[in-house]
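Residues per chain are reported as follows:
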Amino acid sequence: MTTDIWAWVHDTHHQLAEGGHRRLADAIYELPGHANEGRNEQLDAVYPEALAAARALGLPWVEVYLRHWRMQNLLNKRHQGEQALPEAVDLLEFAHREETAGCPQSVCVVQDFAICHARVDGPGYVPQRLEVLGETLERIEPGRACFDCLSREYADALEDDGRPAEALSHLDTAAARIQAAGERLSLHFHHARAGTLHRLGRHEDVLALVDTAEQAERARGREIDESDRLWGGLLRARALASLGRIDEALALLPAREAAERHADLRQAWTETVELLVVAGAWENDIELGAVLAGWVGYLDGTGSHRPCVDLLLAAGRLALARGARTVAITLAATGERKLTQLRRTDGVAQAVAALRAAAEALPVPELPVPSGELTTHLQAQAEVHPETDADLLSVALDRYQGEQAGATELAIFLALLLGELGHARASADLLWRRLEADPADAQLIDVLGHTLVEARDAEGVRRLADRLAVTGPADSHWIRARLATTEGRWAEVLEHCEAILALDDSRINTRRLASAAATHLGDHVAAQRYLQELLDRALPAEQAGEEVHLTVQEADLWHLAAVATANRDWAVVRSTGARLGIEFDEPEGPVDEEWQLVTVRTTRTDGTTAELAAVRTGPATARILPVLGDSLTLNHGDVVVFVPALREPPPGEEAPEAERARWRPEFELLTLLDPAGYTTYWIDGAWPGDDAWAELRDGLRESGYAVWTYSGDQYRVVDPADESEKTTLPGIYAALGVPPTASAEEADALMHRLTAGWEHPLAWLDLAKAAEADLGRHTEIIERYGL
């Protein structure tokens with residue numbers, strides 16, 4: 001099978017678009033980019049609908065393609081292991097059925113299978129990986145793109161088996177075969193080879209290889225995307241740090257925030273930082289320890305067992321260097337648990353045991369006060385020292401001989417510190433053990449519930465909720481509702497809130513959460529009801545004391561104003577606005593004023609974010625200004641309801657004046673209130689000059705139309721007077737908004753009238769099609785000006 005995968009993608013996209021399945025067609029183009037660039041939210045938004053459409057249309061090849069790219073994202077950008085294993089196995093089986101075996105993407109599914117097993121336990125699955133990869137490589141031609149991918153995975157398996165020299169030899173042989181077939185090596189291939197060279201200690205060769213590979217990419221006219229730029233910088237930084245060229249390494253090392261966004265960078269980033277710490281060029285502080293512990297916890301949760309152990313060993317070495325005894329012991333305990341999930345433990349088991357021994361050999365601190373007084377002592381400190389305090393609390397808890405309440409207080413304090421230091425699971429485990437000894441302590445239950453929810457430990461939440469179901473059914477529902485909130489399961493949140501209110505109608509926070517869930521579900525009537533009930537039951541500040549959650553919060557009033565607006569309950573909008581200190585122009589009726597320019601954030605159909613200029617017309621309403629394309633369900637003139645909570649605060653007084661002048665409030669879209677009904681058509685051509693464009697714009701607006709320019713100074717078109725087509729003219733690309741009161745024929749006629757006599761005519765092909773006008777004029781302009 002030699003089908004070119006990208007030729008197939010192009011053909012399939014065209015067929016789907018021609019057949020009216022535009023969203024699936026777009027998803028086929030967009031998904032690989034989302035997957036490779038780590039745009040996880042966009043992928044998650046696009047994928048379910050695309051997969052359902054492919055299945056509904058009976059397109060198994062498209063299904064293989066979509067599932068493969070999602071797996072690439074789950075494995076490479078999210079580092080899922082055992083969590084993704086069932087899908088990897090099922091996809092491999094699906095991709096080799098009779099109806100899918102001929103799909104050009106089916107071979108790539110073998111790579112997914114191999115990567116997933118590498119995430120779970122690379123060394124433990126070496127034989128299986130080499131077998132499936134070797135068999136596949138034998139039956140495909142070196143000229144296929146997947147030969148490049150699978151060769152890299154084969155070399156990776158050899159490295160996991162402790163055979164980096166064989167891995168390099170395999171890569172070099174594969175490279176020769178790929179090039180002999182007339183193909184170029186991918187940048188990813190060069191990055192893989194650089195990783196193998198690093199394993200062999202050939203750091204100068206790494207630097208030369210990455211430089212040469214990137215230069216070759218640019219020479220071919222290819223832009224290096226963000227992911228490859230980050231990897232290039234990281235590979236160089238690690239090589240430079242290994243060579244002792246510390247300043248150069250620091251200059252090229254990607255920021256920690258990049259590793260936060262891209263899980264695939266974390267192992268190499270940590271390895272590089274550890275070298276810099278040893279060189280005295282990077283501070284081995286508590287913040288670094290907490291970040292690494294959080295990454296360890298992430299890999300633990302995704303079932304990437306081997307990478308988890310590798311990372312925790314690095315975190316453990318750094319903890320030892322800081323003298324953080326409890327943290328190091330906690331990491332060792334995590335390592336001991338992970339060893340039970342590995343098939344092969346030679347070498348790594350000894351490393352975990354060494355970490356445990358070194359951690360226990362660190363000095364045991366002397367308590368400054370008796371165990372029972374330690375929490376009071378620590379709370380009275382001017383500064384908090386989380387790792388040192390954790391060491392003290394661990395000693396105090398081990399030695400405590402007093403009442404249960406005192407031990408519980410120590411355990412809660414220590415658990416909160418462990419959570420702050422990134423050890424969420426260890427924190428929860430400590431609280432669970434304490435709960436067995438002190439099962440009725442309300443604070444212990446509350447802290448454990450919060451810890452489990454923060455860690456998104458669904459099994460732990462279920463276990464605690466089941467335990468509370470008899471003694472505290474409302475608390476049982478509450479913890480389930482909180483977990484469902486973090487996972488966006490809003491119908492479930494609402495169900496649990498309703499159950500709580502049936503047990504205790506006085507709950508305030510429950511109504512807050514219920515109103516949020518109803519809002520997310522689009523049930524603004526229910527949301528308004530919950531909030532108005534909250535206002536009726538809330539306590540005055542003087543009665544609530546320290547329990548401020550029992551009082552009406554300003555956020556409650558803004559939320560009520562928003563959902564009441566969505567429900568067109570203008571009386572409630574106005575009364576709520578009055579409580580917020582808003583003075584309206586009119587005493588009654590719909591609120592439609594002109595306040596200020598704002599930005600409304602919404603999501604395009606492809607899952608990406610759009611930021612739209614708008615005029616705020618009320619507490620939670622705005623009128624959209626730009627003329628928009630098909631990727632958005634909004635358009636010019638639409639009145640929308642937004643969530644009236646600022647996404648970012650305004651710049652402070654210390655910010656530059658220009659920054660403060662540019663800033664405008666930014667809000668999240670809630671719902672469409674009043675559609676204006678505009679239809680968008682595109683205008684393209686040479687820039688007519690400021691005066692002519694202003695005349696066109698004003699003429700359109702006088703007739704109720706709208707126009708929005710999208711091109712900038714960089715947009716150029718071909719000058720038809722130059723037969724060599726080397727001379728260019730400034731261009732204009734804009735969106736024309738046709739009001740619902742005008743037909744396409746009328747819009748076409750108006751455009752002809754307003755642009756008559758222009759030296760360089762504009763093209764509006766889609767409008768001409770809709771008007772059933774002569775298309776020849778527009779296709780000629782497109783051709784002459786190279787549009």
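Below or above, wherever it landed, is the structure these notes cover.

Procedures and definitions
Residues numbered from 1 in each chain as written. Predicted model: local features only at pLDDT ≥ 70, side-chain atom pairs only at ≥ 80, totals over all residues. Heavy atoms only, no water. Disulfide = S-S within 2.5 Å. Buried < 20%, exposed > 50% of the residue type's maximum accessible area, 1.4 Å probe, protein only. Axes fitted to C-alpha atoms, helices over the stretch in contact; angles between N-to-C directions. Helix = DSSP H or I, 4+ residues; strand = E, 2+ residues; numbered from the N terminus. Left-handed = near helix turned anticlockwise from the far one by under 90°. Contact = heavy atoms within 4.5 Å. Nonpolar A, V, L, I, M, F, W, Y, C, P; charged D, E, K, R; others polar. Pairing = 2+ DSSP bridges. Patch = residues over 30% accessible without salt bridge, like charges linked within 9 Å, V, L, I, M, F, W, Y side chains within 5 Å. Areas by Shrake-Rupley, 256 points an atom, 1.4 Å probe, with all protein chains shown as cover. Salt bridge = Lys/Arg side-chain N within 4 Å of Asp/Glu carboxyl O. Polar contact = N/O pair within 3.5 Å; in protein donor to acceptor, adjacent residues only side chain to side chain.

Notes on the state of the cysteines
A full pass over the atoms with the stated rule returns zero disulfides. Unpaired in terms of disulfides, cysteine 149 finds its nearest cysteine sulfur in cysteine 108, a separation of 6.0 Å. We classify cysteine 149 as buried; its relative accessible area is 19%.

Examining the packing of helix H1 (residues 5-18) against helix H4 (residues 60-77)
Running from N to C, H1 and H4 point in directions that differ by 115°, and their axes come no closer than 12 Å. Crossing of H1 over H4 shows left-handed handedness. When H1 is examined against H4, the residues Ile5, Trp6, Trp8, Val9 and Thr12 are found in contact with a partner set consisting of Trp61, Val62, Tyr65 and Trp69. The residue inventory of the contact of H1 with H4, partitioned by class, reads eight nonpolar, one polar and no charged.

With respect to the sheet that holds strand E2 (residues 609-616)
An order of E1-E2-E3-E4-E5 is seen for the five strands of this closed barrel, with the pairing classed as mixed. Neighbour-to-neighbour, the strand axes of the sheet open up by a mean angle of 55°, direction not taken into account. The sheet contact formed by strand E1 (residues 597-603) and strand E5 (residues 666-674) spans three bridges and is parallel. Of the residues in E5, the one forming a bridge with arginine 601 is glutamate 668.

Focus on a nonpolar patch on the surface
A contiguous nonpolar surface patch, about 270 Å² in accessible area, is contributed by Trp708, Tyr710 and Tyr733. Position of tyrosine 710 among the secondary structure elements: in the loop between strand E7 (706-709) and strand E8 (716-718). Taking relative accessible area as the criterion, tyrosine 710 reaches 38% and is therefore assigned partly exposed.

Focus on the environment of alanine 538
Considering the arrangement of structural elements, one finds alanine 538 in the loop between helix H29 (524-537) and helix H30 (541-544). Residue alanine 538 is classed as buried on the basis of its relative accessible area, which comes to 16%. If near-sequence neighbours (up to four positions away) are discounted, alanine 538 is found in contact with Ile508, Leu550, Thr551 and Val552.

Observations concerning the environment of serine 703
With respect to the helices and strands, serine 703 occurs in the loop between helix H34 (690-702) and E7. The sequence separation of serine 703 and serine 506 amounts to 197 residues, and the corresponding C-alpha distance is 56 Å.

Topic: the side chain of glutamine 111
Mapped onto the secondary structure, glutamine 111 falls in helix H6 (residues 106-121). Assessed through its relative accessible area of 5%, glutamine 111 is described here as buried. A polar contact of 3.3 Å, which involves the side chain of glutamine 111, links it to the side chain of glutamine 72. For glutamine 111, the contacting residues outside a window of four places in its chain are His68, Gln72, Cys149, Leu150 and Glu153.

Re unusual backbone geometry
A positive phi angle is found at arginine 568, which is not glycine, with a value near 55°. The partly exposed category is assigned to arginine 568, whose relative accessible area is 41%. The backbone phi angle of glutamate 772 is positive, close to 55°, even though this residue is not glycine. With respect to the helices and strands, glutamate 772 occurs in the loop between helix H36 (765-770) and helix H37 (776-784). Note on glutamate 772: relative accessible area 73%, which makes it exposed.

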